[in-house]
Structure formats: C-alpha cells, structure tokens
Amino acid sequence: MYTRDDEPTIYGLIPEAEIKREKAPRHVSKFRDDAKGDYVKLKDDHKTMGQAKVPVRQPESFMKKHEKEPVLPDRRTFKYPDEERKRPPVPTTKEQPLMGLKTSKNFITNNAVQNITSVPRMPQKVYVDTRGGHKNLLEPSGLEPVYVHRKDYGETPKYLEKRKDEMKRAQEEYDAYIAEHFRRGAMRSLSGDERQAILQGLKTNWEEIHDQYQGLSVVTDTAPKKNRKERMEAEMKQLERDIETIERHNVIYIGN
C-alpha cells in the first residue's frame, strides 16, 4: 500500500486475501456426439500408421510359389472389331482354282461400242496465275459468272415477298382500326394548318429557351446554376424530339 506521495507504509506488509474468480462452465456443443460418431464411422483401422505390431503368419499358411504375382484374367480368343469385314484368306498351294470356265463376251467389240456411244467429258475450266503454269479452278474463284445463269436470277426472294405481304396486311389492319375509331368519333386527325401551327410553336419555344441558354454563365460553380442549365438542356432535348416526331409523320391522329 502506498500513500499519496508514493511512499511505502506499514499497511503494505499486511497480506491480502486472494480473490479467486470462478470460471464459467465450458461450452459443450449439442452436436458433439453426432460429430464424434461420424468421425469414428468414417475412420478405418490402421489406415494411416498401420498396426502397432504386424501379425505373423501361422506355420500352416506359409508363402507359396508365385503367390505375389498378379492374377491375370482368363485367356480368351481375341477378335478385331471389324472381323466381319475381313477379306477371305489367300488360297493355299493345295487349293486348286476352277478350270475350264469360258465366256462368250467379246471384250474388243464391247469396248469399241462403249467408246463410240459415250459422251465426251468436258474439260475443266482453269486459269493460270503463275509463270510456271500453276492452275486453279475457275468456277470457285469468282471470275466465272455463275449466278447470272441461274433460273431464279433477278427475281425477288421469297422471304422478301412474304415480308411485304405481312407489312401490307398489318397496314390494312391499322387502317381498319383507324377507320373504326373515326366512325365512333373517338379520334380525329390534325389538319395541315394545325400541324404547321404546332410545329412552329415548338420551334419558337426551342428558340426562346436556346436564347436563354446562350445567356447563362460559362462557369457553373453553384448548385442553382447547374440545376438551371440541366433543366434547360432537358427541355430543349424534349422539344427536339417532339419536332422530329411531327416532321416525320405527315398524318397525326388525336384521341378525343
């Protein structure tokens, strides 16, 4: 024990009773038994280190000849996969060929008739691209006009005709839909003067916003300046889209 001035006193010689802290009970998982059972179940005896003492063979079970040699499978006749396609063997010297066979075919006359009646083969079209006479086929080279001699050359492909019919049918359905709405009075079309007036009004609004945009400060160092600039840019883009839409469509329908 020490005083305020950190000097030892006699009270420091009195032994103090040791305070023992009680330890909290050790945590035991509720899955301990299951984990231990799985560990023991998957563990084999003498798998890693082997047995502590290798058992010795009994005198009756002594090692015999060729005991440690690998056991081969039973011997069987080998056959190739294409055994059925195998040609017959070469005849031996003891086998005698058939003798005395004769034919009445006149090979000379037959060859002459075949050559006379055969159609001569057309020579292949080739081109030479080197001085040494290197030849290449002309047809796959692109130098021979092949497609212009086809029967369907210059005709419209079938898929384009089909697409054209589908577009025509879709346009007819759309025209019928518009006519039905006109008949009910739920839709009307803008006249030329109304379309021009709307278009001119959109362009005037764009010019006014553009003049204001040109008068903005170059440096947008404050939040209000930045917000105003972004708002004016968004308005001009929307007006440009509207102008482009009206200019692209000559006929505009309005629902009542």
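Residues numbered from 1 in each chain as written. Predicted model: local features only at pLDDT ≥ 70, side-chain atom pairs only at ≥ 80, totals over all residues. Heavy atoms only, no water.

Section: the pattern of salt bridges
Our working definition: Whenever a carboxyl oxygen of Asp or Glu lies within 4 Å of a side-chain nitrogen of Lys or Arg, that contact is scored as a salt bridge. Here the term buried applies to any residue with accessible area under 20% of the maximum for its type, exposed to any over 50%, and partly exposed to those in between, with areas from a 1.4 Å probe on protein chains only.
Tallied over the full model, the rule gives eight salt bridges. Between Asp152 and Arg150 there is a salt bridge, with the nearest N and O atoms lying 3.5 Å from each other. Arg150 sits in the partly exposed class, given a relative accessible area of 43%.

Thoughts on the packing of aromatic side chains
This is how the line gets drawn: The aromatic pairing rule takes the rings of Phe, Tyr and Trp, using the six-membered ring of Trp, and pairs them if the centres are within 6.5 Å, calling planes under 30 degrees apart stacked, those over 60 edge-to-face and the rest tilted.
Tallied over the full model, the rule gives one aromatic pair. Note on Phe78 and Tyr80: the rings are 5.0 Å apart at their centroids and 80 degrees apart in plane angle, and the pair reads as edge-to-face. No difference in accessibility class separates Phe78 from Tyr80, as the two residues are exposed.

Concerning the UniProt feature "coiled-coil region" (unreviewed entry) in the protein
Going by this rule: UniProt positions are given in the numbering used here, feature names are shortened, and annotations may be inferred rather than shown by experiment. A run of DSSP states H or I qualifies as a helix once it reaches four residues; a run of E qualifies as a strand once it reaches two. Both are numbered from the N-terminal end.
UniProt's entry tags residues 222-249 with the feature "coiled-coil region" (unreviewed entry), counted in the numbering of this structure. Secondary structure across residues 222-249 comprises 93% helix and 0% strand; the distance between its end C-alpha atoms is 42 Å.

Digging into the domain arrangement of the protein
Short version of the rule: The domain boundaries here were taken from an automatic or database domain assignment.
Annotation of the protein at the domain level lists domain 1 (125-186) and domain 2 (187-255). Computed over C-alpha atoms only, the centres of domain 1 and domain 2 are separated by 42 Å.

Topic: the packing of helix H4 (residues 192-214) against helix H5 (residues 223-248)
The criterion, for reference: Whenever a helix is involved, its axis is fitted only over the stretch in contact; in every case the axis is a line through C-alpha atoms, and angles between N-to-C directions fall within 0 to 180 degrees. The cut-offs work like this: below 35 degrees is roughly parallel, past 145 is roughly antiparallel, 65 to 115 is roughly perpendicular, and the gaps in between are oblique. If you view the pair so one helix is near and one far, a crossing is left-handed when the near helix is turned anticlockwise from the far one by less than a right angle, and right-handed when it is turned clockwise. Residue contacts follow a heavy-atom distance rule, with two residues in contact if any of their heavy atoms lie within 4.5 Å. Polar here means any residue other than Ala, Val, Leu, Ile, Met, Phe, Trp, Tyr, Cys and Pro, which are nonpolar, and Asp, Glu, Lys and Arg, which are charged; Gly is therefore polar.
Running from N to C, H4 and H5 cross one another at 155 degrees; their axes reach a closest spacing of 10 Å. Taken together, the axis directions place H4 and H5 in an arrangement best described as roughly antiparallel. Classified by chirality, the crossing of H5 by H4 is left-handed. Note on element contacts: H5 touches H4 through Lys229, Met232, Glu233, Glu235, Met236, Leu239, Glu240, Asp242, Ile243, Ile246 and Glu247, opposite Arg195, Ile198, Leu199, Leu202, Lys203, Asn205, Trp206, Ile209, His210, Gln212 and Tyr213. Classifying every residue of the contact of H4 with H5 gives eleven nonpolar, three polar and eight charged.

Brief notes about the confidence of the model for the protein
Test applied: By definition, pLDDT measures how confident the predictor is in each residue, and it falls between 0 and 100.
Taken over all residues, the pLDDT of the protein has a mean of 85, while the share at 70 or more is 95%. Of all secondary-structure elements in the protein, the lowest mean pLDDT belongs to strand S4 (residues 253-255), at 70, while helix H2 (residues 107-117) reaches the highest, 93.

A few points about H5
Let me state the cut-off plainly: The span expected for a helix works out to 1.5 Å for each residue beyond the first.
Between its first and last C-alpha, H5 extends 38 Å over 26 residues, near the 38 Å set by a 1.5 Å rise per residue. For H5, every residue scored as buried is listed here: Met232, Met236, Leu239, Ile243 and Ile246. Tucked inside the fold, the buried residues of H5 contact H4.

Some remarks on the nonpolar core
Put simply, the test is: Nonpolar cores are built from buried Ala, Val, Leu, Ile, Met, Phe, Trp, Tyr and Cys residues. Side-chain atoms within 4.5 Å join them into one set.
Counting residues in hydrophobic clusters, the biggest one holds eight residues: Leu199, Leu202, Ile209, Met232, Met236, Leu239, Ile243 and Ile246. Counting only elements with at least two residues in this core, the list comes to H4 and H5. Residues within four places of Leu199 in sequence aside, it is in contact with Ile243, Ile246 and Glu247.

Quick word on the side chain of Arg195
Note the cut-off: Under this rule, positive means Lys or Arg and negative means Asp or Glu; His and the chain ends count for nothing.
Considering the arrangement of structural elements, one finds Arg195 in helix H4. Buried charge without a partner: Arg195 forms no salt bridge, and the closest opposite charge is Glu247, 7.1 Å away.

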